[in-house]
Amino acid sequence: MAEAARTVSASERPATKRVGPGAWVWAPLLLMTVVAVIGVQYYAAPLGVRLRHPMHAWLRPSGYIGQTAGLLTFAGFLFMWLFPLRKRFRKVEWLGPVPRWLDIHIAVGILLPLLGAIHASFRVSGVIGLGYISMLIVCASGFIGRYLYVRIPRTRNGVEMGLSEVNGHQRAMLVEIAEATGLTVVDVQEILKVDNSPAHPGIVQAFMQMMRDDLARGRAVRRLRAQVKARGRSNPESLKKVATLARREMALSQHARLLDATQAIFRHWHAAHRPFAITAFIAVTIHVVVVVAVGATWF
């Protein structure tokens with residue numbers, strides 16, 4: 001079994017890197033927060049008072065900072081639509097793996113609401129108000145989408161895995177954990193055992209089961225670490241590696257059990273997510289075209 005696993009290329013192995021925006025997203029978030037804090041007096045003032053405010057030339061929507069934020073917001077909107085295209089066209093792998101595109105997609109999705117708010121001087125109405133509300137809904141629903149995405153077993157390239165592939169990788173992981181801990185494969189299986197009862201839940205039940213599974217992984221890993229320590233193997237690095245492997249192995253089992261339900265919910269999520277994303281894009285595009293047409297820019 002271990003030999004079979006070694007013949008699998010690295011890109012075909014289960015994804016191991018956590019999907020998320022990464023720590024770099026904090027730098028632009030911090031910068032925008034600083035702008036918001038510095039301009040709080042301006043943003044909180046009535047429109048008539050803003051006109052006479054010394055920072056009006058910088059913070060108004062067509063000001064130096066305001067419109068720069070608007071340009072970056074529009075660029076972010078355009079980029080957000082590249083991720084679905086990257087997922088659809090698998091032949092352009094030279095552009096990078098899908099999971100890393102998702103990392104940036106999530107990061108941009110987190111930054112856009114604050115960036116858009118700074119551009120609008122924290123006042124939105126009319127068409128752009130509709131676009132902004134749609135964008136907030138899209139960003140909020142994106143967290144649900146990410147939660148579901150990581151619960152569909154995938155390779156490191158983001159390709160969905162079949163149940164037979166999942167089972168093969170699980171067996172290889174069990175062997176690896178057993179070798180690292182000195183336990184037998186049967187003992188490891190017993191500690192990391194998941195609920196194998198038939199799973200055909202509805203949406204609410206599926207989410208409840210996913211959250212129970214998240215908690216169950218933590219409990220099982222603590223039991224495994226305790227047994228490994230009891231055998232005198234308390235090297236921190238070794239324990240960390242075993243815990244990581246154990247979480248992945250259990251996650252594969254749990255995700256495979258709920259795979260049909262997760263894929264069905266993910267399809268519903270896409271159907272609900274897309275109209276708001278399209279609405280936001282159309283509203284923002286109309287806004288940009290009008291602003292450029294009337295020349296309300298600093299460039």
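Residues numbered from 1 in each chain as written. Predicted model: local features only at pLDDT ≥ 70, side-chain atom pairs only at ≥ 80, totals over all residues. Heavy atoms only, no water.

So, helix 9 (residues 126–149)
In plain terms, the rule: A run of H or I in DSSP becomes a helix once it reaches four residues, and a run of E becomes a strand once it reaches two; helices and strands are each numbered from the N terminus. Helix span is expected to be 1.5 Å times the residue number reduced by one. In this scheme, a residue with accessible area under 20% of its type's maximum is buried, one over 50% is exposed, and one in between is partly exposed, where area comes from a 1.4 Å probe on protein chains only. The criterion used for residue contact is that any of the two residues' heavy atoms lie within 4.5 Å.
With 24 residues, helix 9 should cover 34 Å at 1.5 Å per step; its first-to-last C-alpha distance of 34 Å lies within 8% of that length. Three or more residues of helix 9 are buried, namely Gly129, Gly131, Tyr132, Ser134, Met135, Val138, Cys139, Ser141, Gly145, Tyr147, Leu148 and Tyr149. Looking at the buried positions of helix 9, the neighbouring elements they touch are helix 6 (64–80), helix 8 (98–119), helix 12 (203–230) and helix 14 (259–294).

Describing the packing of helix 9 against helix 12
Formally: In this analysis an axis means a line fitted to C-alpha atoms, helices contributing only their contacting stretch, and an angle means the value between N-to-C directions, from 0 to 180 degrees. Helix crossings fall into two classes, left-handed where the near helix is turned counterclockwise from the far one by less than a right angle and right-handed where it is turned clockwise. The classification used treats Ala, Val, Leu, Ile, Met, Phe, Trp, Tyr, Cys and Pro as nonpolar, Asp, Glu, Lys and Arg as charged, and all other residues, Gly among them, as polar.
Contact geometry for helix 9 and helix 12: axes closest at 12 Å, N-to-C directions at 65°. Crossing handedness for the pair helix 9 and helix 12: left-handed. Between helix 9 and helix 12, the contacting residues are Ile144, Tyr147 and Leu148 on the first element and Phe207, Met210, Met211 and Asp214 on the second. Across the contact of helix 9 with helix 12, the residue classes tally to six nonpolar, no polar and one charged.

Concerning unusual backbone geometry
Phi angles above zero are rare outside glycine, and Ser121 is one such case at about 55°. As for its placement among the helices and strands, Ser121 is situated in the loop between helix 8 and helix 9. By relative accessible area, Ser121 is classed as buried at 1%. One non-glycine residue, Phe122, lies in the positive phi region at around 60°. As for its placement among the helices and strands, Phe122 is situated in the loop between helix 8 and helix 9.

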